[in-house]
Structure formats: structure tokens, C-alpha cells
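Understanding the architecture of this molecule
What follows is each chain in one-letter form.
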Amino acid sequence: MAKNSISNLPGFRDLTPDLCLFRNYLFETWRRVANRYGFVEYEAPALEPTELYLKKSGGELSSQLFSFEDQGGRQVTLRPELTASLARMAATYQREYPKPLKWFEIGECYRYESPQKGRLRSFYQFNADILGEAGTGADAELISVAIDTMRELGFCEQDFVVRLSDRNAWVDFAEANQIAPEQLADFLSVVDKLERDSAEETDKKLVPWSLTRTDLEKFINDPGNASEAYQEISANLQARGLADFIELDLSIVRGLAYYTGTVFEIFDTKKTLRAVAGGGRYDTLIDSLSDGSVDLPATGFAMGDVVIGHLIEQSTEPTLRFESWKRENRPVEIYVVIADEANRPQALKVVQDLRDHGIRVDYPLMPAKFNKQFKAAEACRARFALIIGSEFPELSLKILAFRQEESYHATEELPAQLKKRLSEPDGPLLA
RNA sequence: GCGGCCGUAGCUCAGUUGGUAGAGCCCCGGAUUGUGAUUCCGGUUGUCGCGGGUUCAAGCCCCGUCGGUCGCCCCA
């Protein structure tokens, strides 16, 4: 704001402690769900050779890369996504691991785009992929991870929907309508924009193939056009009790070229935001990025932190979940109040003992007035205040939320006693 | 790359027909030398985004520019 101060770059966020806490909550949830499904975490470099991203994607995307030349004259790029690096790593190291690989990564990505709601220039992505399994069991497993991630965050059937589709259905459609294979990408981009374009616009684009919007809509609205893969995935999710979360939607084809079969996107039911997550099968990407040396079928999905952040913010249950997580992970469990400065050495010893036992403890670094110390305890959202004063070794533990005090003694047992106390509820529930 | 809206204190904003700046919150201190949610008192903070123009006089009017935001394009 001030003229001479340097501010953050557009689309880059300063994560103050509050925001960082939310990020950590997301990361922890993503990681927990992935681990629950037997996925292992890996990490690729954030900076990659530029050609990794130019090899497979079109010219349009290269203008949205954060690219530069390093001091050694190499053309390098900050990763705009995680999949290309995964494919590179998989091609390099896959022989060391039994198949299928179930790998996930959480990393920051960078795209030079104009920032707007739900889209920034730097953001975090949760990416889960299954490599080396071509069957629909892998796709179903992956979609299940996506659904459970949403459930774990506090969302239910009423809140979101997985719109599931299969590009192969459109391959069949193209064949039946004499669309040449080399025109498929162009045709799919018309399908992709169906929802956003006007009827006239779509009809105009379809003229080369002698089709109309109505033809496409008819195809999309006929459940009979669902592919065999869709049926299998649907049955798989049905068996898990998760079928209610998915919905056949052939209008979903996803933007880019590398998808080869099943594709899906997660939306909030009211569709107030852009897609929360998306993914699909990309059976030829690794082969193509490794110049044919490694051929691994693959399926994966990604969820960014920005859109899901908005969705959590505007949803009741997910917000409550986050609040409850914050209570369980409060930064300070016990604030030590030094009532009498003469006892500061004893207090420091208690503080250290508690910390040695893994209890999160804070205390006034310098002499401070008594009520000031309680305000500090309140400010750091401590659960208990341990008062150390002239009656030492007698101590008083104040349960801050209930304004009640309990008596303790500074013995070797104290840390264990307080640890136990921390595992118990604050106090008696009022009838 | 294109368009709508907005730029005044760290944050949210007010500022009359033009007369050289205000509130609330936050932060710090005190009332309160052994008890934190309320209350009261005091304190810090601005080239009014930047540049030019009109005027005796511009936060206010005009032009330009930069930044933010929302949308279009795009969305790995």
C-alpha cells in the first residue's frame, strides 16, 4: 500500500499464521486419506526443465508458464502441475517398485494467469495417481479417494457430485458420425464448451461435421451411451456404498489432450464455484514423455487448495470440522503464569519438564503483571493456565473455559498428571 | 489479451454544493502490584495509489497511468 514498501506478487499469498493453519489442516487431511488408501508420498522438484512441459502440451499453455533461464543457461520452469514430474519420475524409477504404484504428492504449483476467484498464480495441489494398472479397479479406487477426501473434510452427498465420463464414449460417437480421428481433439473441445457456449455458437462450430447441438445433447442425455468402463466403475463404487456420489455426465471431457479414457470432475452441487477437483486416465503420457522407453497405464486426480478453501468457508459442517481440528491442535495447551517473580527459576524448570513430556507450553518471557499474563493465555488460546507463585511447590491449574481451578504439586509426577488431565474433558457438563 | 467495479490509517470504511482528514477494529500502555470474555481512559499510524490538468483552493471535477477485484478467454 505504502509507496515505498514492497508487497507480494499478484496471485501469490502471504500465509499469515491463521491462513497457514488452514493450509496445514488441508494437507493433514489430504495426507491422512491418501495413507488410508495405501498411497505413498513422494516429492518431485518444483523447478523442472522447460521442455518437460512443452513436450506434451500445446502452445497456449507455454504462455502461462513461469519460465526463465538459469545461470547455467538452462531453460527452466516452475511446475504448473504435478503430473508431468510424476511421469518423469515414474519412467525413471518404476522398475524399483512393484506394480501398481499408488503415489501421491502435495506440492505448490505456479501458473502465470490473471488471478480471480478460485484461481491464483501459486497454489497447492494434492495429486494422487495409480500407475501400472489399466483396469477400471484403479479408476474406481482413485475416485473413491477423491470422494473420501471430500467426506473427510465434512461434505456429504448434498454438497458435491462427481461428474463421471469417458472419452471413449465420444470416440465411438465420432466413428459413428464420420469424424476423422485427427479431428477428435477439436471436436472434444466443442463438447467441453457446450455448457458455456450459446446454442447458436455450438451449432456454428458443429457445421463441419454436419451436426447440431441437439445431436450432442441427445447423445449426452442417453444413459445407454455410457461406456463399459463407466458401468464397471459405477458397480465398483456401488459395492463400496459410494454410488450416490457419482453421476454420469458425458459432457465432461476435460480440457487437455492427454486424457485417454475415464475422466471426472468434482463440483459443488449448487455449482457456485469452478471444479473442486478433476482427473482421469492418461495411459499414453508416460510412454510419450519417456520417448517410448516406459509404457505404463495411469490414472490420477488433482485437488487444489483454493477452490476447496472457498467451498469449506461457505459450508457449515466443513467449517465446524476445521474449528474442531483447531481446538485439538491448539498451539499452546498450558500457559504457565508466573505469579511471583521470585519463583521464575522454579517455573522455568516446570516449563521445561512439561515440554520434555511433549506438552505444548508457553509462558511470559519477561516479568508481566498478573492479569496481563491471563490475557496472554487467552490470546494464545491456551486450554489451561498453570499458576506458579509463592506457595510453590503448590500449584494451581486453571481450566480457562470453565474458570475453575484444580490443585497440583510440583513433583516428578506433574508432567504425567497434566498429560492425563489434558486427555480428559475440561470440566463437568452443566445439566 | 478484453471488459465491469474499486483504490483514503495495519484492516473495514466515512468524508456534504470543491474550503489542505475522520470513525470503528487491531496493536501498545493504563484504570487493576494474585485471576482472562465486558467496561472505561490514553497512545502510535496517512505524500488520500501515482502523474498531470482545471481552480484562489482538489480526497472530491477532468485526462492518463499503475494496482486490486470480479467476469470473459484459458484452465494441465
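The following paragraphs examine the structure supplied in this document. (Residues numbered from 1 in each chain as written. Chains lettered and ligands numbered in written order. Predicted model: local features only at pLDDT ≥ 70, side-chain atom pairs only at ≥ 80, totals over all residues. Heavy atoms only, no water.)

Describing the packing of helix H1 (residues 17-36) against helix H12 (residues 305-313)
- Direction vectors running N to C along H1 and H12 enclose 105°, while the axes themselves pass 12 Å from each other. Classified by the interaxial angle, the pair formed by H1 and H12 is roughly perpendicular. Contact with H1, carried on its side by Phe 22, Leu 26 and Trp 30, involves Asp 305, Ile 308, Gly 309 and Ile 312 of H12 and no other residues of that element. (Axes fitted to C-alpha atoms, helices over the stretch in contact; angles between N-to-C directions. Helix = DSSP H or I, 4+ residues; strand = E, 2+ residues; numbered from the N terminus. Parallel < 35°, antiparallel > 145°, perpendicular 65-115°, else oblique. Contact = heavy atoms within 4.5 Å.)

With respect to the sheet that holds strand E4 (residues 75-78)
- Spatial ordering of the open sheet is given by E2-E4-E3, a layout of three strands whose pairing is antiparallel. Across the chains shown, the open sheet's two edge strands, defined by having one partner strand only, are strand E2 (47-49) and strand E3 (66-69). With direction set aside, neighbouring strand axes in the sheet form an average angle of 35°.
- Inspection of the sheet shows E2 paired to E4 by three bridges, in the antiparallel sense. Considered in E4, the bridge of Leu 47 is made with Leu 78. (Pairing = 2+ DSSP bridges.)

Some details on the protein's contact with RNA strand B
- Taken together, 36 residues are adjacent to RNA strand B, and Arg 119, Arg 196, Leu 400, Arg 403 and Glu 405 come closest.
- In RNA strand B, atoms within 4 Å of the protein come 47% from sugar and phosphate.
- Contact distances for RNA strand B include 2.9 Å between a sugar or linking oxygen and a side-chain N or O atom of Glu 81.
- A distance of 2.5 Å is found between a base nitrogen of RNA strand B and a side-chain nitrogen or oxygen belonging to Arg 196.
- It is helix H15 (residues 370-379) that contributes the most residues to the surface near RNA strand B, five residues altogether.
- In terms of residue class, the surface near RNA strand B is made up of 13 nonpolar, seven polar and 16 charged. (Near = heavy atom within 4 Å. Polar contact = N/O pair within 3.5 Å; in protein donor to acceptor, adjacent residues only side chain to side chain. Nonpolar A, V, L, I, M, F, W, Y, C, P; charged D, E, K, R; others polar.)

Describing the pattern of salt bridges
- Overall, the coordinates contain 30 salt bridges when judged by the stated rule.
- Arg 32 is paired through a salt bridge with Glu 152; the nearest N and O atoms lie 2.9 Å apart. Linking Arg 32 in helix H1 with Glu 152 in helix H5 (residues 136-152), this pair joins segments that are 120 residues apart in sequence.
- One salt bridge in this structure joins Glu 333 and Arg 360, with 3.9 Å as the shortest N-O distance. Of this pair, Glu 333 sits in the loop between helix H13 (316-328) and strand E12 (334-338) while Arg 360 sits in the loop between helix H14 (344-356) and strand E13 (361-362), and the two are 27 residues apart along the sequence.
- A relative accessible area of 16% places Glu 333 in the buried class. (Salt bridge = Lys/Arg side-chain N within 4 Å of Asp/Glu carboxyl O. Buried < 20%, exposed > 50% of the residue type's maximum accessible area, 1.4 Å probe, protein only.)

No statement about biological role is implied by the geometric values presented.
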